[in-house]
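Structural description and commentary
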Amino acid sequence: MVGCRNKQESNSYLPPASMEYSGQDTAEVLNLVNKYVDCLNAHDYDGMVDLLYVFKDNRIHAFDDAQRDSVKHGLQQIPVYAAKFHSFQLRSNVNNEVGILVQLLEDGDLEEGIGVSKLYLNPVFVQGKWYLTLLDLNADGVRR
């Protein structure tokens, strides 16, 4: 759930978005992400899991109890001293990326990038509504 990623070369090709986005889309995604970051900073693991879904077979699914417990347990293993929204890219209804900076060391610094890693989410748009999913490169519709 938390990982490092190599920087892409500045001359790499980024294809255009496959759907039109409005200011409302941006506001809805940022609202969800800000709620997630607030829960992360408060160590509200139930709140974080409540905001997450799984996209499969062109449908959105809530976690079952076993998935919920597994994700919650995984999130609890990450030492979080602070977190903040970092970046996002909207590419399609199911292939997006939100980066959240997470301070993993007590003496780390989010602003300086010391003791920090990124957690990635994938907002998906299903039946007129945005949902947060964990970024999974093997999930339906996700492309690099």
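Residues numbered from 1 in each chain as written. Predicted model: local features only at pLDDT ≥ 70, side-chain atom pairs only at ≥ 80, totals over all residues. Heavy atoms only, no water.

**Remarks on the nonpolar core**
Y36, L75, I100, V102 and L121 are the most contacted members of the largest nonpolar core, which has 26 residues in total. Elements with a minimum of two residues in this core: α1 (23-41), α2 (45-50), α3 (65-76), β4 (82-90), β5 (96-103), β6 (116-126) and β7 (129-134). A per-element tally of this core places α1 first, with 7 residues. By size, the runner-up hydrophobic cluster in this structure holds 5 residues, among which are F55, V94, V124 and Y131. (Core = buried A, V, L, I, M, F, W, Y, C linked by side-chain atoms within 4.5 Å. Buried < 20%, exposed > 50% of the residue type's maximum accessible area, 1.4 Å probe, protein only. Helix = DSSP H or I, 4+ residues; strand = E, 2+ residues; numbered from the N terminus.)

**Observations concerning the pattern of salt bridges**
If charged atoms from side chains of opposite charge come close, those side chains can pair. Applying the stated criterion across every chain, the model contains 5 salt bridges. K84 serves as the salt-bridge partner of E111, at 2.8 Å between the closest nitrogen and oxygen. With E111 in the loop between β5 and β6 and K84 in strand β4, this residue pair connects regions lying 27 residues apart in the sequence. Taking relative accessible area as the criterion, E111 reaches 60% and is therefore assigned exposed. The partly exposed category is assigned to K84, whose relative accessible area is 28%. As a salt-bridge pair, E97 and R91 come within 3.7 Å of each other at their nearest N and O atoms. Here the two residues E97 and R91 agree in accessibility, since each one is buried. Ionic contacts of the salt-bridge type, sharing partners, join the residues D46, D50, R68 and K72 into one network. (Salt bridge = Lys/Arg side-chain N within 4 Å of Asp/Glu carboxyl O.)

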